[in-house]
Amino acid sequence: PQCTMLREQIAYNCFSPHYSCCHAHPALTLFPRPIHHHGNTGVLSFVRVLRGKLRLRAGYQSKCAGSSESEVSFDFPSDGVFLIDDSMGLHKTSNVMEEGDGRTVSLHLYTPPYIECRFCSSFRPECQNVGDAFVPAIHHHPPENHQLACAQEVELSTKCSHLSFANFANLVEVLQKEVQIDEDRKHSPENIAHVKHILQNMHFNEKEWRQYTKFSEGHYTRNLIGYDDKFTILLLCWEKGQMSPIHDHAGSNCWVKVLDGNLEETVYQVGEDEATVKDAHASVYDPEQVTYISDAMGVHRMGNARSDGVAVSLHVYSPPYHECHVFAEDEPLKKKVCITAAYGAEFPFLESTSEQIKGCHTSDSTTLSLFIDNVTHMLQDGCSSSVAYMMNSLRFQESEWKKYIHFSSHQYTRNLLAFNEYFSLILVCWSPGQKTPIHDHGDDRRDVFIRVLDGSLGVQRFLEDEWGQTSADLDPSASFLIPKGDCVRLHNNDMGLHQTYNASRSNCVSLHLYTPPYIECEFKLQSGQKKLLPVAYCSKDAGSGISTACESLFQFRRNIFSNLVSFVALLKNMFRVNNGVMDGNSLSRVLAGIQFDPLEWKSFASSCSSCYSRNLVAKTDYFSILILCWDKGQSSPIHDHGGSESWVRVLQGTLQESEWTRTPSGMRMEKTANLEVDSVRHISKDIVHSTSNTSPGVAYSLHIYAPAFDQCNCFDRTTGQPTPTTCGSHLRAPHPTEDSTAMG
């Protein structure tokens, strides 16, 4: 008996933006599929029973446990086909097969796509759904089709009716494809609704967006996330009580998603004099809610009206705008203002910067993509000395530069232009007086090539004493200027701790090439805590470090914010490239570098009072991934892994792992270690061990097994006798009366 049915994505060519295809294994008659509906109105579900017998009950009045009986009931034998549409409403399906092994297999095709089955009741009395309850789809594709399948899954994750766990690089990539602007720089009503739907579906990891937050007592801040010639994405940070002025959007469209706190919006209509505002209407938006406004709907004021907490919101503006009008509530007023954060160089108030960079244009100008290709080939051939020549001789069209130049009044901006396993290319924009924190570049082998395009940069080296205190190095060679047009090459083992700053009285723009790649600027706060300065995503060449599915990129990024779909795609590619055999350290490094969203992995897990649960996330010919949920005090038997290697990442809580040796007098414990949250452990194929939850609450862990296995040996602690054991997945929770050799 299983507490859930298994839903596997089996047909890679049937997983498209138009429909999805999966087959389900409902467990026993005791455990029907919960009462649910298909989320989106208009979803059609075509079902064929491949084996066994399936019962459909429809017309429930409530989807909660204990709901009254349904209005209609139908039984479908093997080869039976039926359709579920909106008229069915709340419904459930049950396995009513009594002959043979009692199992039923059914094929379900949904259009538009419907992936996760969401519900609110538990499958068994002792089981509790930890997150927003749903039966997740298990990602399983033949290895020869993995590239197409994974690309379709990642694309679908931003378009379907279910919640998508995304990162900011995903958001930029999706909006580059999905934002549609006509020749008059206008959006259709359908595209406006589509973009709102994408933002509603996307859930962002708090650890990622917290990197971009910067609060100010004087004014709310606007922090650049990403941009394109069609849109700008900003993260706005609101201290207690901070509000924007009443303003329009200069003909642009504005989508807002609340990430933290509450936002209050007041919409006004503009009078015939185009300066008086009236007919105010206020609304309050909670976290994860999305709102939209354009000038056709009115002007608005937005902000954090609360006095007991801050607020954070994500804003998408399309087309980008950098000047708007502000209005007054108590008098006629219409005043044009410039937006003072994340503005671009192509706008009138920065003409000097734009014109000076435009002067770099010559007849032998190149393109950004060609420059990236040339540098990649040089570094592939080991010719790092030629990079300085390339940086010195580059000449770009002004039209290429201007879309990447963004300044902020709050801190310098770091715009990621390219990122691969050989180098990273970052365009840095400095307002007057801005400087980096004191930092180093992490790897003594790392070189940085800096070309100043406008203004001038200063570099100051620092020394650190035994107490961790820093002071400026007074050696004359430890401080120098880089004027406009110059290119310098700096070795990290020579520079060590240093600070770079805008040494000019006006804006400064510089191009930084790091090899090996260097993305996040890591530095230490006075408290000793480490902090990262993230990048803004702007170029299709930059990549997120996860979509490229290249393991080597993980050693060059501190954190990669990913979802389980992308992680499965990454592992598929890694195992395929390595012919199914993975180096333990390489995979450990990858697993340690990824930051998963707790809301996602908790949605896969259910806790059981009778046994720890094993919840299948993905299964391929090379590996399987499971989320294990451990209630307080729960432990595994002493067992091996059936000849498979495994990797463990603790997601929450503390686990205690013990290694055992079989002796004539029974099992002898060799060593015990605590696995704290975020720790990663590689377990070789010959290890016999046991694991227990020593946390005061529920613990979670992610496990990778290569190859996937269904059989292992459990060992009697007293005699050492091994017992072949079937390893359940997707919450195998044996009752005391069940076979004790069944491993949860």
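Residues numbered from 1 in each chain as written. Predicted model: local features only at pLDDT ≥ 70, side-chain atom pairs only at ≥ 80, totals over all residues. Heavy atoms only, no water.

*Asks:* I tried to follow the overall build of the chain on my own but got confused; where do I start?
*Replies:* Counting secondary structure elements, the chain contains 12 helices and 52 strands. Each of the 744 residues in the chain was classed as buried or not, and the buried ones make up 56%. Once local pairs closer than 6 in sequence are excluded, the contacts in the chain between residues at least 24 apart make up 75%. Split by element, the accessible area of the chain, about 31,100 Å² in all, is 49% carbon and sulfur. (Helix = DSSP H or I, 4+ residues; strand = E, 2+ residues; numbered from the N terminus. Buried < 20%, exposed > 50% of the residue type's maximum accessible area, 1.4 Å probe, protein only. Contact = heavy atoms within 4.5 Å. Areas by Shrake-Rupley, 256 points an atom, 1.4 Å probe, with all protein chains shown as cover.)

*Asks:* In this structure, what is going on with the nonpolar core? I would like to understand it.
*Replies:* What tends to happen in soluble globular proteins is that the nonpolar side chains get buried as a cluster. In this structure, Phe168, Leu171, Phe204, Ile233, Leu235 and Leu314 are the most contacted members of the largest nonpolar core, which totals 51 residues. For this core, the element with the most residues is helix 2 (residues 168-178), which contributes 6 residues. With near-sequence residues (within four places) excluded, Ile233 lies in contact with Leu171, Val172, Leu175, Asn223, Leu224, Ile225, Gly226, Leu314, His315 and Val316. Residues Val256, Ile293, Tyr317 and Ile372 belong to the second largest nonpolar core, which totals 45 residues. (Core = buried A, V, L, I, M, F, W, Y, C linked by side-chain atoms within 4.5 Å.)

*Asks:* Even after reading the chapter, I still don't get the packing of aromatic side chains, so can you show me in this structure?
*Replies:* Here the distance between the centres and the angle between the planes together describe a pair of aromatic rings. Tallied over the full model, the rule gives 15 aromatic pairs. For the pair Phe567 and Phe596, a centre-to-centre distance of 5.2 Å together with 80° between the ring planes defines the contact as edge-to-face. Residue Phe567 is found in helix 10 (residues 564-577), and its partner Phe596 is found in the loop between strand 41 (594-595) and helix 12 (598-604); the two are separated by 29 residues along the sequence. Classification of Phe596 by relative accessible area gives buried; the value is 7%. Consider the rings of Tyr612 and Trp630, whose centres lie 4.5 Å apart with planes at 10°: the pair is stacked. With Tyr612 in the loop between strand 42 (606-608) and strand 43 (613-619) and Trp630 in strand 44 (residues 624-630), this residue pair connects regions lying 18 residues apart in the sequence. For Trp630, a relative accessible area of 1% corresponds to the buried category. (Phe/Tyr/Trp six-rings, centres within 6.5 Å; stacked < 30°, edge-to-face > 60°.)

*Asks:* Help me understand the pairing of strand 46 (residues 655-663), please; the structure alone is not making it clear to me.
*Replies:* One ladder, built from 9 bridges, connects strand 46 with strand 47 (residues 666-675); its direction is antiparallel. Each residue of the ladder has a partner; that of Trp660, found in strand 47, is Met669. As consecutive antiparallel partners, strand 46 and strand 47 are separated by 2 residues. Bridge count between strand 46 and strand 49 (residues 688-693): 6 bridges; the pairing is antiparallel. Looking at strand 49, one finds that Gln656 is bridged to Ser692. (Pairing = 2+ DSSP bridges.)

*Asks:* What am I meant to see in the sheet that holds strand 46 here?
*Replies:* Backbone-to-backbone hydrogen bonds pair the strands of a sheet. The strands run either parallel or antiparallel. As summarised here, the arrangement of the 3 strands in space is 47-46-49, forming an open sheet in which the pairing is antiparallel. Unpaired on one side and paired on the other, strand 47 and strand 49 mark the two borders of the sheet. Looking at each pair of strands side by side, their axes are set apart by 25° on average, direction ignored. (Axes fitted to C-alpha atoms, helices over the stretch in contact; angles between N-to-C directions.)

*Asks:* Teacher, can you tell me more about the pattern of salt bridges here?
*Replies:* Any two side chains of opposite charge can pair, so long as their charged atoms come close to each other. Under the counting rule described, the total for this entry stands at 16 salt bridges. Taking the shortest distance from any N to any O, the salt bridge between Glu173 and Lys177 comes out at 4.0 Å. Pair noted here: Glu173 and Lys177 are both in helix 2, with a separation of 4 residues, about one helical turn. Judged by its relative accessible area of 53%, Lys177 falls in the exposed class. Among the charged side chains, a network of salt bridges with common partners joins Glu206, Arg210 and Asp260. (Salt bridge = Lys/Arg side-chain N within 4 Å of Asp/Glu carboxyl O.)

*Asks:* Hey, could you run me through the packing of helix 10 against helix 11 (residues 584-593) in this one?
*Replies:* In a packed pair of helices, the relevant descriptors are the angle between the two axes and the axis-to-axis distance. Remark: helix 10 packs on helix 11, axes separated minimally by 12 Å, with the N-to-C direction vectors making an angle of 165°. Classified by the angle between their axes, helix 10 and helix 11 sit roughly antiparallel to one another. The way helix 10 lies across helix 11 gives a crossing that is right-handed. Residues Phe567, Leu570, Leu571, Met574 and Phe575 of helix 10 form the contact with helix 11, whose own contacting residues are Leu587, Val590 and Leu591. (Parallel < 35°, antiparallel > 145°, perpendicular 65-115°, else oblique. Left-handed = near helix turned anticlockwise from the far one by under 90°.)

Read these as geometric descriptors, not functional statements.
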